[in-house]
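Chain by chain, the residues:
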Amino acid sequence: MDDIFKRALSGQSLFSNRDALSSDYIPVRLPFRENQIIGIGEILSPILHGSRPSNLLLYGKTGSGKTAVARYVLRRLKGAAAEQGIDVNICYVNTRFAGTEYRVLSNLAEALNLKIPFTGLSAGEAFARVESAVDASKSNVVMILDEIDFLVSNYGDDIVYELTRVNERLNPSRVSIIGISNDLRFKELLDPRCLSSLSEEEMVFSPYTANELKTILAERAAAAFYRGAVDEAAIGLCAALAGSEHGDARRAVDLLRVSGEVAERETAPRVEEKHVRAAVQRIERDRMVEAIRSLPLHAKLVLLSVLTNGVSASTGEIYQRYAKQCRRIATEPLTQRRISGLLAELDLLGLVSANLVSQGRYGRTKKISSLTPIDTCKEILSEDSTLGSLLT
DNA sequence: CGTCCACAGGAATGACGGGCGG
DNA sequence: CCGCCCGTCATTCCTGTGGACG
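On a predicted model such as this, the values are computed, not experimentally measured, just so you know.

## Looking at the sheet that holds strand β5 (residues 201–205)
Here five strands make up an open sheet; going across it, the order is β2-β3-β4-β1-β5 and the pairing parallel. Strand pairing shows two members of the sheet lacking a second neighbour, β2 (88–94) and β5, which therefore form its edges. Pairwise comparison of adjacent strand axes, ignoring direction, gives a mean angle of 15 degrees for this sheet. Pairing between β2 and strand β3 (residues 140–146): seven bridges, direction parallel. If you follow Cys91 over to β3, its bridge partner there is Met143. Along the sheet, helix α2 (residues 34–44) contacts β1 (56–60), β4 (174–181) and β5; its crossing angle with β5, the most-contacted strand, is approximately 165 degrees. On top of the sheet, helix α3 (residues 66–83) reaches β1, β2, β3, β4 and β5; it is set at about 165 degrees to β2, its chief contact.

Printed below as a string of structure tokens:
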């Protein structure tokens, strides 16, 4: 332990500023997004002479810089407005992290320095409070609704619609909305009345190319690591791995950070390609471990049933097995309908693969097979004391 | 060419633990 | 303390369906 601290103190650490690789870091420069930055700046600039800017919709796949660009421009705008004595409030909410309609509202309220109990109010009441907070602020409020496609596809467009209409009732406060969507077909989900007011302006973010990723990573690396602490080949590999997916910059940056941590832990003098490869494994494993750990009991039981069932099995077979496991630990099994739902969730988490197959005369079912290494999986499941006796 | 299997997956509903304002 | 509303998880009931079998 002393050694670790000593090394950290004596400057053996590879990171000079690890935060530069964290997910909510907004870099000083956003290469390859100049056009979007200027475009959004122009769209929002009416704020500076006291009128309401158009609402705006940003499209693009994950890690294409939408969020970073939006936050970057708003930060600059806020600064410029402050010089003019204009008050700008920025509310950023990631609707998927927020989870529910209600929590989106509560996050918006929080950004306006309004405390809303995390449960207990009706959605209407919560909305009214947000609105009155906006009113009371007597300022320009810009709301960024990140991953807005999640909100709309799960909870409908009521909130979005109401938010776009708030301006009709408020004076002098003004609300403008920046919606950010990962789903390019998002517009189809939206009611036309809502669409026209939300997407007064639109902007598409195309994925970064592998070369662009490389430049971006090099800049981040320069900010985050000491000089010479990262091999250029390692950066190239990070970029290539993330680029082969769809140019996801967030993934690339995460990968680089974890690579750095791996290298640091083995006290390597610099980050090399092998550390990147190890990082890929670690990220995947961590994701899996975390996913399994946070599973509720019955989902774990279902997962266990899938694991112990050889290559692949139908929903019905899994259910039989699951019910048996339940009896062994004296737990009331859930219904098959529910298990079907849990299997779908496990599929979504990537812990299990479920494929719909039709066997004609012999019905239609999902063929379920495990995607996770059985041993690691059991190891994590065995942390749950209620499952202990099932794992021998 | 229709039947009918073995489920998928939507909708409505309810139990539960929690917090609200009065 | 009450009546109300919340989100979450689960149940019940339901309609839908691809294709081998007859």
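From this point, the discussion proceeds with the structure in view.
## Observations concerning helix α12 (residues 232–245)
Taking 1.5 Å per residue, 14 residues should reach 20 Å; α12 reaches 21 Å between its end C-alpha atoms and fits that length. Looking only at α12, the buried set comprises Ala234, Ile235, Gly236, Leu237, Cys238, Ala239 and Ala242. Looking at the buried positions of α12, the neighbouring elements they touch are α11 (210–224), α13 (249–265) and α14 (273–293). Positive phi shows up at Gly247, right after α12, with a value of about 70 degrees.

## Considerations on the sheet that holds strand β8 (residues 364–370)
Ordered by their spatial adjacency, three strands build an open sheet running β6-β8-β7, and the pairing between neighbours is antiparallel. Single-partner strands in this sheet number two, and they are β6 (313–314) and β7 (352–358). Where β6 meets β8, two bridges bridge the pair, whose relative direction is antiparallel. In the strand pairing of β8, Ala313 is matched with Ile368. Contacting β7 and β8, helix α15 (residues 297–307) runs over the sheet at an angle of about 85 degrees to β8.

## What about the confidence of the model for chain A?
Mean pLDDT for chain A: 84, with 92% of residues reaching 70 or above. Per-element mean pLDDT across chain A ranges from 57 in helix α1 (residues 2–9) up to 92 in helix α17 (residues 336–349).

## Concerning the packing of α14 against helix α18 (residues 374–381)
Where α14 meets α18, the axes come as close as 10 Å, and the angle between the chain directions of the two elements is 40 degrees. Taken together, α14 and α18 sit at an angle that is classed as oblique. When the axes of α14 and α18 are compared, the crossing they make is right-handed. On α18, the residues that touch Arg285, Met288, Val289, Ile292 and Arg293 of α14 are Thr376, Cys377, Glu379, Ile380 and Leu381. A class-by-class count of the residues in the contact of α14 with α18 yields six nonpolar, one polar and three charged.

## Thoughts on the domain arrangement of chain A
Annotation of chain A at the domain level lists domain 1 (34–205), domain 2 (208–291) and domain 3 (295–390). Spacing between the C-alpha centres of domain 1 and domain 2 amounts to 32 Å. In this assembly, five residues from domain 1 lie in contact with six residues from domain 2. Overall, the association of domain 1 and domain 2 removes approximately 430 Å² of surface from exposure, summing both partners, and the carbon and sulfur fraction of that is 43%. It is Lys61, Thr62 and Gly63 that lose the most area in domain 1 upon contact with domain 2, and together they represent 77% of the buried surface on that side. Taken together, domain 1 and domain 2 are joined by zero salt bridges. Where domain 1 touches domain 2, the interface holds one residue pair in polar contact (both at pLDDT 80 or more).

The rules behind the values
- Residues numbered from 1 in each chain as written.
- Chains lettered and ligands numbered in written order.
- Predicted model: local features only at pLDDT ≥ 70, side-chain atom pairs only at ≥ 80, totals over all residues.
- Heavy atoms only, no water.
- Pairing = 2+ DSSP bridges.
- Helix = DSSP H or I, 4+ residues; strand = E, 2+ residues; numbered from the N terminus.
- Axes fitted to C-alpha atoms, helices over the stretch in contact; angles between N-to-C directions.
- Contact = heavy atoms within 4.5 Å.
- Expected span 1.5 Å × (residues − 1).
- Buried < 20%, exposed > 50% of the residue type's maximum accessible area, 1.4 Å probe, protein only.
- pLDDT = per-residue confidence, 0-100.
- Parallel < 35°, antiparallel > 145°, perpendicular 65-115°, else oblique.
- Left-handed = near helix turned anticlockwise from the far one by under 90°.
- Nonpolar A, V, L, I, M, F, W, Y, C, P; charged D, E, K, R; others polar.
- Domains from an automatic or database assignment.
- Buried area = accessible area lost by both parts, 1.4 Å probe.
- Salt bridge = Lys/Arg side-chain N within 4 Å of Asp/Glu carboxyl O.
- Polar contact = N/O pair within 3.5 Å; in protein donor to acceptor, adjacent residues only side chain to side chain.

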